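For reference, the chains in residue letters:
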Amino acid sequence: WLKLCSVPSSTTTSSSDGRRFDMRLARAALGSVVQSIPVNLKNSGFRFHPLWLRLNDPGKFTKNRQRLFEISDVVRNPACSKVEGWSEEDAGLRVSWADGQRSLFPWRWLEARTAPRRLEPTLWSGSFRRFLPELSYEDLASKECKLRLAVSLAMYGIVLLRGVPLRPGMVEVVGNEIGHVRTTNYGAVFDVLDLGAASNNLASTNCRIPAHTDNPYRDPFPGVQLLHCLKSAPAGGATVFSDGFAAAAALREEDPAAFALLAETPHPFEYWDPELNVYLRAEVPVLTLDAHGSVQRVAFNNRSAAALNGCIDHLEAYYRAWAKFDSISNSPERSLRVQLQPGDLVIFLNSRIMHGREEYAPGGERHLQGAYVDHDAIRSRLEAALVEGMDLAPYAAHRTAAEACLGALATQAEFSYGEGVDMLSHALQAAHCAETRGEPPLAILACLMHDIGNSPQARSAWEEAGRGKPEMMVSSADGSIGFRHHEEIGALYLESLGFSSELATAVRLHVDSKRALVSEDPSYMNQLSQASKDTLAQQGGPLTAAELEEFRRLPGADIALRVRRYDDMGKARGCEVPQLEHYRSLILEHLHQQSST
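Rules used throughout
- Residues numbered from 1 in each chain as written.
- Predicted model: local features only at pLDDT ≥ 70, side-chain atom pairs only at ≥ 80, totals over all residues.
- Heavy atoms only, no water.
- pLDDT = per-residue confidence, 0-100.
- Contact = heavy atoms within 4.5 Å.
- Pairing = 2+ DSSP bridges.
- Helix = DSSP H or I, 4+ residues; strand = E, 2+ residues; numbered from the N terminus.
- Axes fitted to C-alpha atoms, helices over the stretch in contact; angles between N-to-C directions.
- Salt bridge = Lys/Arg side-chain N within 4 Å of Asp/Glu carboxyl O.
- Buried < 20%, exposed > 50% of the residue type's maximum accessible area, 1.4 Å probe, protein only.
- Core = buried A, V, L, I, M, F, W, Y, C linked by side-chain atoms within 4.5 Å.
- Domains from an automatic or database assignment.
- Parallel < 35°, antiparallel > 145°, perpendicular 65-115°, else oblique.
- Left-handed = near helix turned anticlockwise from the far one by under 90°.
- Nonpolar A, V, L, I, M, F, W, Y, C, P; charged D, E, K, R; others polar.
- Lys, Arg positive; Asp, Glu negative; His and termini not counted.
- Polar contact = N/O pair within 3.5 Å; in protein donor to acceptor, adjacent residues only side chain to side chain.
- Disulfide = S-S within 2.5 Å.

A. Geometry of the confidence of the model for the protein chain. Looking at the protein chain as a whole, the pLDDT averages 89, with 92% of positions reaching at least 70. In the model, residues 1-24 has pLDDT below 50 throughout and makes 58 contacts with residues more than four positions away in sequence or in other chains.

Pasting the structure below:
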């Protein structure tokens, strides 16, 4: 860089947003050509090509980002992209050009183009049901709800809208509220119901339909699909979804050669209705990749898959790859089963989410209405939010569950039950003891959450599940000492948020672990605090020999016993340990694992 330009002065200044940088005034050395301009952004060095800067001068664009000059004119005139000098100012990088023009590139503008923000898709499996994003039709008109919809579709590919009025045609109303309904040969709205022998489309029967994407024979294909439930079948007929991106990732890991065949071989898809003079055909690979090799689109439809060129050398290998992808996509562990109820409307990306249906009784009343919407209007809300620098993390389904859990844990600071410390301090101490002794994340989280059943949120979930109103246990010496069956209440609450059954089991068994340890080792009773002794009496006392034997056989009993030991350690007054925020990443990681396994 020093060979290309001279630096006559250097001072230090602060920008309006608090950034500090060196004021550098640089002028191109006589006769030299500046190949790049070095800039430090967010403690990282970047070198910008002069031609790139001149072609993207933000001062030469309209408000809607339309260029006010011709690219070719700049390319043809070397003086347009020849740098005379530049300076780093409070407002940004200022460049002087050989043709007499000057350009200003704001720091935020440069930062946005060196590291453009984007949302990476979160891959999921059938266990994602507990995280399925749900929105209310009543909120749909709001800007915030539409943005939440766009974020959820970008991350997960699917959203469930609740409370849509039970009127035919509402799917079109919703479609035009969130975007623009696309009219096809099926019309703006199509009906999905059993027509029996009169049907010439598998969708209009009661038969099982494997996971697929719709209309791969169209170019452009429908980006977003909507299905509104007007009537549900008394039995069966559940809509089944599969994450096509997750299935593709599994195929790529399991059989890279099969993945490559599906990504590199264009497959023809066809639809023909001679009575209406409709013939649609498009050739597209099952897996379309972007420039970085990531899956951008899945096109998979057994019914409309037309004949490949019968002379290709890899025909058998290709169809084996097709069958393997089919098996992965339709496997039970990857299938998200949703029994749509009247008023439910599911919105999903047709480029990613494969959908199907379970069989139901012939002539059943099941009635869905569907529509297709172009993706651009929905996606534009997300892109605008990213450009504006909005924090979209709170919209993530896993983040919502984590925040709910952290909120429930925080309420425990207001509850003391005779241990000499409040319940939150007790939980944090127990978790810290487990962490410092090298316990795995599951045990640490179980220690943190073992008493969460005492929280108002968990107790409300218990009542909403029809389990009754939790009863407070009372000690004559210490007063309130926690809620009866709080271990069951906590386990139910954690499972409702999407935590693993293993974690819920450790929480559920932590009371019986105390009873087991007392039964096994009578001297253990002397190690208990008075509050623990009081609760033991109200929790059934020591296990009988038969109960102890049965407890030892339970899956998760070992970890529950360890949790109980840390439970006993976490009762010191004035002990300084990491607070709730320390465990946020551990909670989020656990929740992510549950939706993808």
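B. The arrangement of the sheet that holds strand β14 (residues 239-243) in detail. What the 4 strands build is an open sheet, ordered β12-β21-β14-β19; its pairing is antiparallel. Every other strand in the sheet has two partners, leaving β12 (209-212) and β19 (336-338) as the edge strands with one partner each. Geometrically, the sheet is characterised by an average inter-axis angle of 20° between neighbouring strands, direction not taken into account. By the bridge criterion, 2 bridges tie β12 to strand β21 (residues 353-357) in an arrangement that is antiparallel. Considered in β21, the bridge of H212 is made with H355. Packing of helix α6 (residues 244-254) onto the sheet brings it into contact with β14 and β21, and relative to β14 it is tilted by some 50°.

C. Up close: the pattern of salt bridges. As enumerated under the stated definition, the model contains 27 salt bridges in all. Measuring nitrogen to oxygen at the nearest pair gives 2.9 Å for the salt bridge that ties D344 to R162. Taken together, the positions of D344 in the loop between β19 and β20 (345-349) and R162 in strand β9 (residues 158-162) put the pair 182 residues apart, joining distant regions of the chain. Relative accessible area serves as the criterion here: at 4%, D344 is assigned to the buried category.

D. Representation of the nonpolar core. By size, the foremost hydrophobic cluster in this structure holds 93 residues, and its most contacted members are L226, F241, L448, M449, F499 and I587. Structurally, this core is a two-domain feature, drawing no fewer than three residues from each of domain 2 (126-388) and domain 3 (397-596). Among all residues touching L448, those that are not within four sequence positions of it are L409, A427, L428, A431, L580, Y583 and I587. One finds Y217, V284, V286 and F325 within the second-largest nonpolar core, a separate group that totals 29 residues.

E. Quick look at the packing of helix α11 (residues 423-436) against helix α12 (residues 441-449). Contact geometry of α11 with α12 gives a least axis separation of 7 Å together with a crossing angle of 165°. Classified by the angle between their axes, α11 and α12 sit roughly antiparallel to one another. Every pair of crossing elements has a handedness; the one defined by α11 and α12 is right-handed. Between α11 and α12, the residues in contact are A427, L428, A430, A431, A434 and E435 and I444, C447 and L448, respectively. Here the contact of α11 with α12 is composed, by residue class, of 8 nonpolar, no polar and 1 charged.

F. Highlighting the side chain of R218. Relative to the helices and strands, R218 resides in the loop between β12 and β13 (224-231). We note that R218 is buried and unpaired, the nearest opposite charge coming from D214 at a distance of 8.5 Å. At 2.3 Å, the side chain of R218 and the side chain of N185 are in polar contact. The residues contacting R218, other than those within four sequence positions of it, are R182, T184, N185, Y186, L280 and A282.

G. The state of the cysteines, seen in detail. Going through the model one piece at a time under the given rule, you end up with 0 disulfides. C405 takes part in no disulfide bond, and the closest cysteine sulfur to it belongs to C447, at a distance of 14 Å. Overall, C405 belongs to the buried group, its relative accessible area being 0%.

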